[in-house]
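Close look at the chain arrangement
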Amino acid sequence: MDKSFTSQVPILFKNCTNAVIDDLMFFEEQSQNVFPTCDKHNKKKSTFTFEPFEGETQFITEVPPCENKTLADKLSTLKLHNLTENNSYTEVHPYMMNMEERRIVRDGIDKMMLDKENNLGLTTAMVAPTMNYFFNGGEGAIGYPHAHLDHFLSFCLSAEKIWTLIDPLYFDHFDSIWSGNAQTMVKEKKKVHKLIVKQEKGDILYVPAWWMHHTKVEKTNKAIGLNFHFGVSRQIMFAILELGIRVFDNPSLFFSNSNGPKETKSIQDKGWGFSLFSTGQKEATRIQDEITSLFFSNSNGPKETKRIHDKGWAFSIFSTDQKEATRIQDEITRSTISHTFSRTI
C-alpha cells in the first residue's frame, strides 16, 4: 500500500481489514494535540457558504476540534447519541505521533490487516503523519468540498461512506478560501467531473494531496473512520515537521500551543507566514547549528526576515502583516497546486 503514495489519482483498497473501532483505539486516554485547547463555550467558529453549480447553497460552520476531551470520551458520546432527523453529531480527534507511538500504531494495525504483506508505511514512507478519528451520527464529518496539501489514507470502520472526489486540475472552476485548516471551495463556477466512491466497512481509501473531497453518511447511521494524514518525500513543509518531531520528540510542536516550547503563532492570529515556534536564543542557536543545511538564508524573505541568531527564533522565518501573510498563503497554495499537478488529462 505504501507504494501507492506516488499516485496522482485516488485508489480504493477493498476488504483490507475486519477491524472494528475498538481494535484501533490508540492512546484513548489522550486528548487531541494539534489545536490549542479551548472549552466548548470558547470555540472559534468559521462560517461560510458553498454554492454548487447546480443545487441549493449550503451553509457551513467549521469548528476546530479543540476541546480537552479524550478519544475514549468522544467514542462514548457517539455511542450514546440518539439519532433523530435534526440531531446529528460530528466530532474529530487529530493526534500527531512521535516515533515510538508510530511504531505502536504500526504494529497494532499490522495485526488487523487481512493481507499481512500490506504495509502502511507509517514509520517508513509517511512523513510527519497525523492520526485522525472521525465520529459521525447523521452527517459527514466534512460535508463540503475542500482540499489540503497532505495525502491521506482513510479506513472505514463501520457504516459505509460516500466520497465525492474532484481532480485538482479543476481548481480554477471554483472560488475558494483558506479556512485555516484547508482550502475550502465556496462556489462552483463551472460544472466539473466528480468521482463518486462508495467506501464499505473494511475498505481503505488513498487520496493524494490537493484532491478536493467531501463525504456523506446516511442520516440513520453512525459512522466511525480513521485517517492518516501525511506528507511524502520532497514536501519541504512536512520534512521540517518531521525534523522537529525527531529532534524534540514532540509531535505537536508546530501546531498546538499546549505542549510546544513557550509560544506558538499562526498565520491567522499573528500575521506570520506559516506556523512556527519560539524558544530561547541559546537553544535556538543549538538547533540552528544542527539543521543549518536544511534551511535557506534571510536574503529573499518578504518585508523583514528575523534570523535565529539575532532574535532567538528557531529556524529562519519571515514576518509580515496579516493581510500580506494571507496573500502569501494563497499564493503558495496556488503555486503548490500548479507545480504538483502540472499535467494534462
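Computed from a predicted model, the values in this text were never measured in an experiment.

Rules used in this analysis
Residue positions are given per chain, counted from 1 along the sequence in the order it is written. Reporting of local features is limited, given that this is a predicted model, to residues whose pLDDT is at least 70; pairs of side-chain atoms are given and counted only at 80 or more, and all residues count toward the totals for whole chains, interfaces and linings. Only hydrogens and water are set aside when side-chain values are computed; all heavy atoms of the structure are taken into account. Helical segments are the DSSP runs of H or I of at least four residues, strand segments are the runs of E of at least two, and each set is numbered from the N terminus. Only protein chains enter the calculation, and the probe is 1.4 Å; a residue is then buried if its accessible area is under 20% of its type maximum, exposed if over 50%, and partly exposed in between. Residues count as neighbours in contact if any of their non-hydrogen atoms are within 4.5 Å of one another. The method behind every accessible area is Shrake-Rupley, applied with a 1.4 Å probe, and residues are considered shielded solely by the protein chains displayed. The term salt bridge refers to a side-chain nitrogen of Lys or Arg lying within 4 Å of a carboxyl oxygen of Asp or Glu. Across the chain, each position has a pLDDT score giving the predictor's confidence in that residue, from 0 to 100. A pair of strands is treated as paired once DSSP finds two or more bridges between them. Axis definition: a line fit to C-alpha positions, over the contact stretch in the case of helices; interaxial angles, taken between N-to-C directions, run 0 to 180 degrees. Only Phe, Tyr and Trp rings are paired, with Trp represented by its six-membered ring, and only when their centres lie within 6.5 Å; those with planes under 30 degrees apart are stacked, over 60 edge-to-face, the remainder tilted.

1. Topic: the overall build of the protein chain
Of the regular secondary structure elements, the protein chain holds 7 helices and 18 strands. For the protein chain, the residues scored as buried account for 51% of the 345 residues in total. Within the protein chain, contacts between residues at least 6 apart in sequence are counted, and of these 77% link residues at least 24 apart. Accessible surface, the protein chain as shown: approximately 17300 Å² in total, 49% of it carbon and sulfur.

2. Structural notes on the pattern of salt bridges
Following the criterion strictly, the structure yields 12 salt bridges and no others. In this structure, Arg 102 engages Glu 242 in a salt bridge whose closest nitrogen and oxygen atoms are separated by 3.0 Å. A residue pair is termed long-range when its members are at least 10 positions apart, and Arg 102 in helix H2 (residues 99–112) and Glu 242 in helix H3 (residues 236–248) qualify at 140 residues. What makes Arg 102 buried here is its relative accessible area of 0%. Note on Glu 242: relative accessible area 9%, which makes it buried. Across the salt bridge formed by Lys 189 and Asp 175, the nearest N and O atoms sit 3.4 Å from each other. Placement of the pair is Lys 189 in the loop between strand S10 (183–188) and strand S11 (195–199) and Asp 175 in strand S9 (residues 174–178), with a sequence separation of 14 residues. Judged by its relative accessible area of 39%, Lys 189 falls in the partly exposed class. By relative accessible area, Asp 175 is classed as partly exposed at 32%.

3. Re unusual backbone geometry
At Asn 15, a position not held by glycine, the phi torsion is positive, near 50°. Despite not being glycine, Ala 128 shows a phi value in the positive range, around 50°.

4. Examining the confidence of the model for the protein chain
Taken as a whole, the protein chain shows an average pLDDT of 75; of its residues, 70% reach a score of 70 or greater. Of all secondary-structure elements in the protein chain, the lowest mean pLDDT belongs to strand S15 (residues 263–265), at 34, while strand S12 (residues 204–207) reaches the highest, 96. Here residues 256–281 scores under 50 on pLDDT; set against residues more than four positions off or in separate chains, the count is 79 contacts. Below a pLDDT of 50 lies the segment residues 287–321, which in the model reaches 72 contacts outside its immediate sequence neighbourhood of four places, other chains included.

5. What to know about the sheet that holds strand S5 (residues 127–137)
The sheet built from 6 strands is open, its strands ordered S1-S12-S7-S14-S5-S4 with antiparallel pairing. Each edge of the sheet is formed by a strand with only one pairing partner; in this case those strands are strand S1 (11–13) and strand S4 (89–96). Between one strand axis and the next, the sheet turns by 20° as a mean value, whatever way the strands run. Note: S1 against S12, 3 bridges, orientation antiparallel. Considered in S12, the bridge of Leu 12 is made with Leu 205. Of the strands in this sheet, S4, S5 and strand S14 (222–231) are in contact with H3, which crosses S5 at around 95°.

6. What about the packing of aromatic side chains?
Given two aromatic rings, their pairing is described by the distance between the two centres and the angle made by the two planes. The final tally for this structure, using the stated rule, is 9 aromatic pairs. Ring geometry for Phe 5 and Phe 230: centres 4.6 Å apart, planes at 45°, overall tilted. Separated by 225 residues along the polypeptide, Phe 5 in the segment before S1 and Phe 230 in strand S14 bring together distant segments of the chain. Of the residues examined, Phe 230 reaches a relative accessible area of 0% and is grouped as buried. Between Tyr 133 and Phe 135 the ring centres are 6.3 Å apart and the planes differ by 5°, which places this aromatic pair in the stacked class. With respect to class, Tyr 133 is no different from Phe 135; both count as buried. The structure contains a cluster of three or more aromatic residues connected by ring pairs, namely Phe 5, Tyr 206 and Phe 230.

7. So, the pairing of S14
Burial analysis of S14 places 9 of its 10 residues in the buried class, which makes it a mostly covered element. Sheet topology places S5 next to S14; 9 bridges connect them, and they run antiparallel. If you follow Gly 137 over to S14, its bridge partner there is Lys 222. Across 6 bridges, strand S7 (residues 151–156) lies against S14 in antiparallel orientation. Each residue of the ladder has a partner; that of Leu 153, found in S14, is Phe 228.

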